[in-house]
Amino acid sequence: MMTLAAMGSALALGLAGSLHCLGMCGPLALALPAAPDASVGRRALGRLMYNLGRAVTYAFMGIFAGVLGHALRLAGVQQIVSIVLGVLLLATLFLTTKHMPAWVLNTFYRPVQQGLQRILRRGSLLGLFQTGLLNGLLPCGLVYAALAAASLQAGAIQGATYMFLFGLGTTPLMFALSFGGLGLRTPKLQPIFNRLIPAVTFTVAVLLILRGLSLGIPYISPILEATGGSCCAH
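Definitions and cut-offs
Residues numbered from 1 in each chain as written. Predicted model: local features only at pLDDT ≥ 70, side-chain atom pairs only at ≥ 80, totals over all residues. Heavy atoms only, no water. Helix = DSSP H or I, 4+ residues; strand = E, 2+ residues; numbered from the N terminus. Buried < 20%, exposed > 50% of the residue type's maximum accessible area, 1.4 Å probe, protein only. Contact = heavy atoms within 4.5 Å. Areas by Shrake-Rupley, 256 points an atom, 1.4 Å probe, with all protein chains shown as cover. Core = buried A, V, L, I, M, F, W, Y, C linked by side-chain atoms within 4.5 Å. pLDDT = per-residue confidence, 0-100.

Q: If you had to explain the overall build of the chain to someone new, which residues and values would you point to?
A: Each helix and strand in the chain was counted, giving eight helices and zero strands. Reading the chain from its N end, one meets helices and strands in the order α-α-α-α-α-α-α-α. Across the 234 residues that make up the chain, the buried fraction comes to 39%. Contacts spanning at least 24 positions in sequence make up 79% of the contacts within the chain whose residues lie at least 6 apart. For the chain, the computed accessible surface area is about 12400 Å², with 72% contributed by carbon and sulfur atoms.

Okay, here's the thing in structure tokens:
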């Protein structure tokens, strides 16, 4: 079972990182369709369905992250993996889609974009939910940072819960933007968006590295003990 601290960190990461979401996914959120005669309630419900779709995709990602992290812990290599994940996250600070190989973009990124373009023509609640599902698959350094944190949870359910809560944390600002908050994308706020994701990613990376070092610092770098060995060894 997840601790309250883990739940709080997932929500906090999503809420703090949602400023980055406004900068990266803002154009898509603003382009969400709505019937001209749609009521305020139906329009709000549609935006909530879009954000729910993103959270569901993150939760499915969290299942795999949690399973992988649990398996690595049983194998007794979680410390090494935690350090490696931290280093890889630091490396993502210098990588963008411009640095991705063409086969990666053609295989993963562009099909998602094309799917989004088709679904955006629909104005139904299901279409908005599907848009959120696909939106969650777009490359995002903030999501990768959250997945790295989710891999430190105890298993599939915990990893999924962590990522779902992360998605919920990103929802308030994304909902406000998609519901008509054009002012949230002003040039004055753009520098904040540009600085936030490196700061969040750097913080998570450092925490992962400290956790892997097992320095005995409560909550930040606790002593990690391998669980894969024999409990009866002498």
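Now that the structure has been shown, we can carry on.
Q: How would you explain the nonpolar core if you had to name every residue and give the values?
A: Nonpolar side chains tend toward joint burial in soluble globular proteins. The biggest cluster of nonpolar side chains holds 38 residues, and the ones touching the most others in it are L13, Y162, M163 and F166. Not counting residues up to four positions away in its chain, the partners in contact with Y162 are M2, A6, S9, A10, L13, A146, A149, A150 and Q153.

Q: With reference to specific residues and values, describe the confidence of the model for the chain.
A: Looking at the chain, pLDDT values average 77 and 73% of them are 70 or higher. Across the chain, element-level confidence peaks in helix α7 (residues 156-178) with a mean pLDDT of 92 and bottoms out in helix α4 (residues 102-119) with 64. This model gives residues 227-234 a pLDDT under 50, and the stretch forms four contacts once residues within four places in sequence are excluded.

Q: Mind laying out the environment of Q153, listing which residues take part and the relevant values?
A: Mapped onto the fold, Q153 is located in the loop between α6 (141-150) and α7. Classification of Q153 by relative accessible area gives buried; the value is 13%. Distance from Q153 to H70, taken between C-alpha atoms, is 7.2 Å for residues 83 residues apart in sequence. Once residues lying within four places of it in the same chain are set aside, the contact partners of Q153 are M2, A6, G66, R73, Q158, G159 and Y162.

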